[in-house]
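Coordinates in review
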Amino acid sequence: MNTDFINLTEDNLYDEHLCCIIRTRKFHPGIDSKRKWLSDRLKEGHVFRKLNEKATVFIEYAPLELSWVPIVGDNYYYIYCLWVLGEYKGKGYGRELMEYCLNDAKEKGKSGICMLGSKRQKSWLSDQSFAKKFGFEVVDTTDNGYELLAISFDGTVPKFAQNAKTEKIENKELTIYYDMQCPYVDQKVNFVKNYCEENDVPLSLIEVNTLKQAKELPCVFNNWAVFYKGKFETVNLLSDSNTLKRILKK
């Protein structure tokens, strides 16, 4: 097995490919935005570790206190993403990446690791059934089925911030909170914007620019959150018009 992995650093950030999105040969503005976002996060202990291949095989995590999610807890790591796709699946790479994170947490004296999940697997969330094989358990939930998964080394557990369980806003039009942690966000924002302009759908796009803003969001969040008629709908990126139409029909 090829176990040649690379961690992104301030020195190699602009030379290494971002394996979250590699299937395009054209300039992709989301990649540039991601690099800019990472350039500040790496200084804060954010880890982006990937296989040294042009492949979607990587894990991305950070100290929970500095993670742009409305989750609170002391001395934890938060996993944003863990992906192994295509021909690289089933070869043990996911296990190697998760074990790296677990060992890193233990070596740094962390209290544990947590990640966002849901009762029903969501397409843009890491595989929680895989995480549970390592001992991750549900430690908090929201009323609409999202779960906080955690593995604790000392008995303490993190939790969703109380504001994350609000799941309501005053604005009734289609409202999307997003940040540039995911390179796909840029194109999804443009897709939604174009659809709404073409179909006369009122739209509010709110870019999350600070850690404080992310921690205070009125819903669970991994880099994207959709509200409609004042109600929280999903953290899934809106990839097609059918999905968007289903939300707008509610």
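Look above for the structure.
Residues numbered from 1 in each chain as written. Predicted model: local features only at pLDDT ≥ 70, side-chain atom pairs only at ≥ 80, totals over all residues. Heavy atoms only, no water.

1. Comments concerning the overall build of the protein chain
The line we're drawing: What counts as a helix is a DSSP run of H or I of at least four residues, what counts as a strand is a run of E of at least two, and both are numbered from the N terminus. Only the C-alpha atoms count toward the radius of gyration. The rule for a globule is 2.2 Å times the residue count to the power 0.38. In what follows, residue pairs with any heavy atoms lying within 4.5 Å of each other are defined as contacts. Only the protein chains shown count as covering a residue, and every accessible area follows the Shrake-Rupley method with a 1.4 Å probe. Just so you know, the count uses Lys and Arg for positive and Asp and Glu for negative, and it drops His and the chain ends. A charged residue contributes its charge at one atom only: NZ of Lys, CZ of Arg, CG of Asp or CD of Glu.
If you tally the helices and strands in the protein chain, you get six helices and 13 strands. Radius of gyration (C-alpha) of the protein chain: 18 Å, near the 18 Å computed for a compact globule of 250 residues. Structurally, the protein chain occupies a C-alpha span of about 50 × 45 × 30 Å along its principal axes. Long-range pairs, those at least 24 residues apart, make up 65% of the contacts in the protein chain with a sequence separation of at least 6. Total accessible area on the protein chain stands at roughly 12,000 Å², and carbon and sulfur atoms take up 46% of it. Positive and negative side-chain charges of the protein chain, numbering 36 and 35 respectively, have mean locations separated by a distance of 6 Å.

2. A short note on the side chain of R35
Rule in force here: Exposure classes here rest on a 1.4 Å probe applied to the protein chains alone. A residue is buried below 20% of its type maximum, exposed above 50%, and partly exposed in between. Should a side-chain nitrogen of Lys or Arg be within 4 Å of a carboxyl oxygen of Asp or Glu, the pair is scored as a salt bridge.
Looking at where R35 falls in the secondary structure, it is placed in helix α1 (residues 29-41). D32 provides the closest opposite charge to the buried, salt-bridge-free R35, at an N-O distance of 5.8 Å. The residues touching R35, leaving out its near neighbours within four places in the chain, are L13, Y14, E16, H17 and L18.

3. A word on empty space enclosed by the protein
If a probe the size of a water molecule is rolled over the atoms, the empty space left behind becomes visible. What counts here: Cavities and pockets were defined on a 1 Å grid built from protein atoms only: a cavity is a group of points that admits a 1.4 Å probe but offers it no way out, a pocket is an open group of points flanked by protein on both sides within 12 Å along at least five of seven lines, and a lining residue is one with an atom within 4 Å of any such point. Grid points are joined across faces, edges and corners, and a volume is the space filled by probe spheres set on the points. When residue character is reported, Ala, Val, Leu, Ile, Met, Phe, Trp, Tyr, Cys and Pro are called nonpolar, Asp, Glu, Lys and Arg charged, and the others, Gly included, polar.
One pass over the structure, following the stated rule, counts one cavity of 30 Å³ or more. Reported here for the largest cavity is a volume of approximately 40 Å³. Residue assignment for the lining of the largest cavity shows that the elements contributing at least two residues are β5 (76-84) and β6 (112-118). Here the element with the most residues in the lining of the largest cavity is β5; it accounts for three residues. Residue composition of the lining of the largest cavity, by class: six nonpolar, two polar and no charged.

4. Examining the sheet that holds strand β2 (residues 47-51)
Backbone hydrogen bonds hold the strands of a sheet together, and the pairing may be parallel or antiparallel. Keep this limit in mind: For two strands to be treated as a pair, DSSP must find no fewer than two bridges joining them. Inter-axis angles, ranging from 0 to 180 degrees, are taken between N-to-C directions of lines fitted to C-alpha atoms, where helices are fitted over the stretch in contact.
Pairing is mixed in the open sheet, where seven strands are placed in the order β1-β2-β3-β5-β6-β8-β7. The open sheet has two edge strands with one neighbour each: β1 (5-7) and β7 (137-141). Neighbour-to-neighbour, the strand axes of this sheet turn through a mean angle of 30 degrees, independent of strand direction. As defined by bridge partners, β5 adjoins β6 across four bridges and the pair is classed as parallel. Of the residues in β6, the one forming a bridge with Y78 is C114. Against the sheet, α1 makes contact with β2, β3 (57-63) and β5, and its axis sits at roughly 40 degrees relative to β3, the strand it touches most. Sheet strands in contact with helix α2 (residues 93-107) are β1, β2, β3, β5, β6 and β8 (146-152), and its direction is about 170 degrees off that of β5.

5. A short note on the layout of surface pockets
Considering only enclosed or pocket space, the largest pocket measures out at about 380 Å³ in volume. Lining the largest pocket are 21 residues; nearest its centre among them are V84, K89, G94, D127 and F130. Ranked by residues supplied to the lining of the largest pocket, first place goes to α2 with four residues. Looking at side-chain class alone, the lining of the largest pocket contains ten nonpolar, six polar and five charged residues.

6. Brief notes about the sheet that holds strand β10 (residues 174-178)
Pairing in this open sheet of four strands is mixed, and the strands run β11-β10-β12-β13 from one edge to the other. Edge positions in the sheet fall to β11 (203-207) and β13 (231-234), since each of these pairs with one other strand and no more. For this sheet, the mean inter-axis angle between neighbouring strands, taken without regard to orientation, is 25 degrees. Inspection of the sheet shows β10 paired to β11 by five bridges, in the parallel sense. Bridge pairing in β11 links L174 to L203.

7. A word on the packing of aromatic side chains
The test is simple: Pairing of aromatic side chains requires ring centres within 6.5 Å, counting the rings of Phe and Tyr and the six-membered ring of Trp. Pairs whose planes differ by under 30 degrees are stacked, by over 60 edge-to-face, and all others tilted.
Inspection of every chain in the model, using the stated rule, returns eleven aromatic pairs. Consider the rings of W37 and Y80, whose centres lie 6.2 Å apart with planes at 85 degrees: the pair is edge-to-face. Residue W37 is located in helix α1, and its partner Y80 is located in strand β5; the two are separated by 43 residues in the primary sequence. Owing to a relative accessible area of 3%, Y80 belongs among the buried residues under this scheme. When the ring of Y88 is compared with that of Y93, the centres are 6.2 Å apart and the planes differ by 50 degrees; the resulting orientation is tilted. Y88 gets classed as buried once you look at its relative accessible area, which sits at 17%.

8. Quick look at the pairing of strand β12 (residues 224-228)
Counting buried positions along β12 yields five of five residues, so the element is predominantly enclosed. Side-chain alternation along β12 places W224, V226 and Y228 on one buried face and A225 and F227 on a second face that is also buried. Where β10 lies against β12, four bridges are found, and the strand directions are antiparallel. By the bridge assignment for β12, Y177 is matched with A225. As paired strands, β12 and β13 are joined by three bridges and run antiparallel to one another. Following the sheet pairing, F227 is matched in β13 by F232. Where β12 hands over to β13, the hairpin turn is made up of two residues, of which K229 adopts a positive phi near 55 degrees.

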